Amino acid sequence: MKAIWNGAVIAESDHTVLVEGNHYFPPESLKREHTSFSNHRSSCPWKGQAQYLSLFVNGELNPDAVWYYADPLPAAANIKGHYAFWKGVEIRD
């Protein structure tokens, strides 16, 4: 699977975890050179608190387009530290 935004591959892995229709990519698959800090947080009743990253590719910013659970609740332990995408990021195999 690949996560692509603005012409760049943001993450790539053969071992994503599919949860609620979202592919969660393992930590080592994320191309950190395309990410930047975000203060945004959200909460899920069964996964816990999500943290976000923004994308910066080819001079364009996509705020809060990446989310992850650094310390998920036990029911979501299998996605700890994995990254998922939205806001125009294309996921394809």
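Residues numbered from 1 in each chain as written. Predicted model: local features only at pLDDT ≥ 70, side-chain atom pairs only at ≥ 80, totals over all residues. Heavy atoms only, no water.

A. Structural context of the nonpolar core. If you look at the biggest cluster of nonpolar residues, it comprises 16 residues, and the most contacted ones within it are Ala 3, Ile 10, Leu 30, Leu 55, Tyr 83, Phe 85 and Val 89. The set of elements that each furnish at least two residues to this core consists of β1 (2-5), β2 (8-12), β6 (48-57), β7 (60-68) and β8 (83-85). Counting residues in hydrophobic clusters, the runner-up holds 11 residues, among them Tyr 69, Ala 76, Ile 79 and Ala 84. (Core = buried A, V, L, I, M, F, W, Y, C linked by side-chain atoms within 4.5 Å. Buried < 20%, exposed > 50% of the residue type's maximum accessible area, 1.4 Å probe, protein only. Helix = DSSP H or I, 4+ residues; strand = E, 2+ residues; numbered from the N terminus.)

B. Structural context of the sheet that holds β7. Taken in spatial order, the 4 strands line up as β5-β6-β7-β8 in an open sheet, and their pairing is antiparallel. The sheet is open, and its two edges are formed by β5 (35-44) and β8, each paired on a single side. Neighbour-to-neighbour, the strand axes of this sheet turn through a mean angle of 35°, independent of strand direction. Pairing analysis gives 7 bridges linking β5 to β6, with the strands arranged antiparallel. Looking at β6, one finds that Arg 41 is bridged to Gln 51. (Pairing = 2+ DSSP bridges. Axes fitted to C-alpha atoms, helices over the stretch in contact; angles between N-to-C directions.)

C. Unusual backbone geometry, seen in detail. In this model, Asn 58 sits at a positive phi of 50°, which is unusual for a non-glycine residue. As for its position among the elements, Asn 58 is in the loop between β6 and β7. Located in the positive-phi region is Lys 87, a residue other than glycine, with phi close to 55°. Here Lys 87 is to be found in the loop between β8 and β9 (90-92).

D. Layout of the pairing of β6. By the criterion of burial, β6 is predominantly enclosed, with 8 of the 10 residues buried. Once β5 ends, the chain turns through 3 residues before running back antiparallel as β6. Bridge analysis of β6 against β7 gives 6 bridges, and the strand direction is antiparallel. Bridge pairing in β7 links Leu 55 to Asn 62. Connecting β6 to the antiparallel partner β7 that follows it, the hairpin turn spans 2 residues, and Asn 58 within it adopts a positive phi of roughly 50°.

E. Broad picture of the environment of Arg 32. Position of Arg 32 relative to the elements: it lies in the loop between β4 (22-24) and β5. By relative accessible area, which is 46% here, Arg 32 ends up partly exposed. Considering only alpha carbons, one finds Arg 32 and Val 19, 13 residues apart in sequence, at a separation of 23 Å. The residues touching Arg 32, leaving out its near neighbours within four places in the chain, are Leu 53 and Tyr 83. Here Tyr 83 takes part through its side chain, which lies 2.5 Å from a polar atom of the side chain of Arg 32. (Contact = heavy atoms within 4.5 Å. Polar contact = N/O pair within 3.5 Å; in protein donor to acceptor, adjacent residues only side chain to side chain.)

F. Focus on the side chain of Ser 13. For Ser 13, the location among the structural elements is in the loop between β2 and β3 (17-19). When its relative accessible area of 10% is taken as the criterion, Ser 13 is described as buried. A polar side-chain atom of Ser 13 sits 2.9 Å from the main-chain amide nitrogen of His 15.

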